[in-house]
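What the coordinates show
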Amino acid sequence: QVQLVEYGGGRVQPGGSLRLSCTASRDISSMYRMGWFRAAPGKERELVATVEGDGRTNYAAAVNGRFTISRDNSNKKMVYLYMNNLKVEDTAVYFCNVAHSTIDYWGKGTQVTVSS
């Protein structure tokens, strides 16, 4: 089992930036994909960004060019999401995810609110 804890959420004005962090309870093998998903009010959880063990990344179209996912290869417990030029529609609960094959771990989420 792996426990994931997200932090760094909060309230920010449109155009602002936030960094989300996720720490795992143990080192995450490079076999595992790490990622961020989000759930806006009244909507289903959706992909934000993922990073493979070899560094390949994948972004949702809505955040591409504004968000950057980073996996700490020295501290194998950490993954980050750098969010720039935040928009009101980025408001959601953001979840950290670690996955490989049929294995799927989730954090409890951190709230990000973008509002003027």
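All values derive from a computational prediction rather than experimental measurement.

Reading guide: rules and limits
Within each chain, residue numbers correspond to sequence positions counted from 1 in written order. The predicted origin of the model limits local features to residues at a pLDDT of at least 70 and limits the giving and counting of side-chain atom pairs to 80 or more, whereas totals for whole chains, interfaces and linings rest on all residues. The basis for the side-chain values is all heavy atoms of the structure; hydrogens and waters are excluded. Here a Phe, Tyr or Trp ring, Trp counted by its six-membered ring, pairs with any other such ring whose centre lies within 6.5 Å, and the pair is stacked when the planes are under 30 degrees apart, edge-to-face when over 60, and tilted otherwise. Starting at the N terminus, helices and strands are each numbered in turn, a helix being any DSSP run of H or I of at least four residues and a strand any DSSP run of E of at least two. Buried means the residue's accessible area, taken with a 1.4 Å probe over protein chains only, is under 20% of the maximum for its type, while exposed means over 50%, and partly exposed covers the values in between. Sulfur atoms of two cysteines make up a disulfide when they are within 2.5 Å. The nonpolar core is taken to be a set of buried Ala, Val, Leu, Ile, Met, Phe, Trp, Tyr and Cys residues, with the residues joined through side-chain atoms within 4.5 Å. Contacts between residues were defined by any pair of non-hydrogen atoms, one from each residue, lying within 4.5 Å.

With that out of the way, let us pick up the packing of aromatic side chains. Throughout the structure, instances matching the rule amount to two aromatic pairs. Where Phe 37 meets Trp 106, the ring centres are 5.0 Å apart and the plane angle is 70 degrees; that geometry is what we call edge-to-face. Of the two residues, Phe 37 is situated in strand β4 (residues 33-39) and Trp 106 in strand β10 (residues 103-106); the sequence distance between them amounts to 69 residues. Take Trp 106: its relative accessible area is 33%, and that puts it in the partly exposed class.

A word on the state of the cysteines. Across all of its chains, the model carries one disulfide by this definition. Each disulfide pairs two cysteine sulfurs, and for Cys 22 the partner residue is Cys 96, the sulfurs being separated by 2.1 Å. Between Cys 22 and Cys 96 the disulfide shows an S-S torsion of about -85 degrees. By sign, it is left-handed. Separated by 74 residues along the polypeptide, Cys 22 in strand β3 (residues 18-24) and Cys 96 in strand β9 (residues 92-100) bring together distant segments of the chain.

Here we come to the nonpolar core. Counting residues in each nonpolar core, the largest one holds 29 residues, and the members touching the most others are Trp 36, Leu 81, Met 83 and Tyr 94. Going through the elements one at a time, β3, β4, β5 (46-51), β7 (67-71), β8 (78-83), β9 and β11 (110-114) are the ones with two or more residues in this core. Setting aside anything within four residues of it in sequence, one finds Tyr 94 in contact with Glu 6, Leu 20, Trp 36, Phe 37, Arg 38, Val 48, Phe 67, Leu 81, Met 83, Gly 109, Thr 110 and Val 112.

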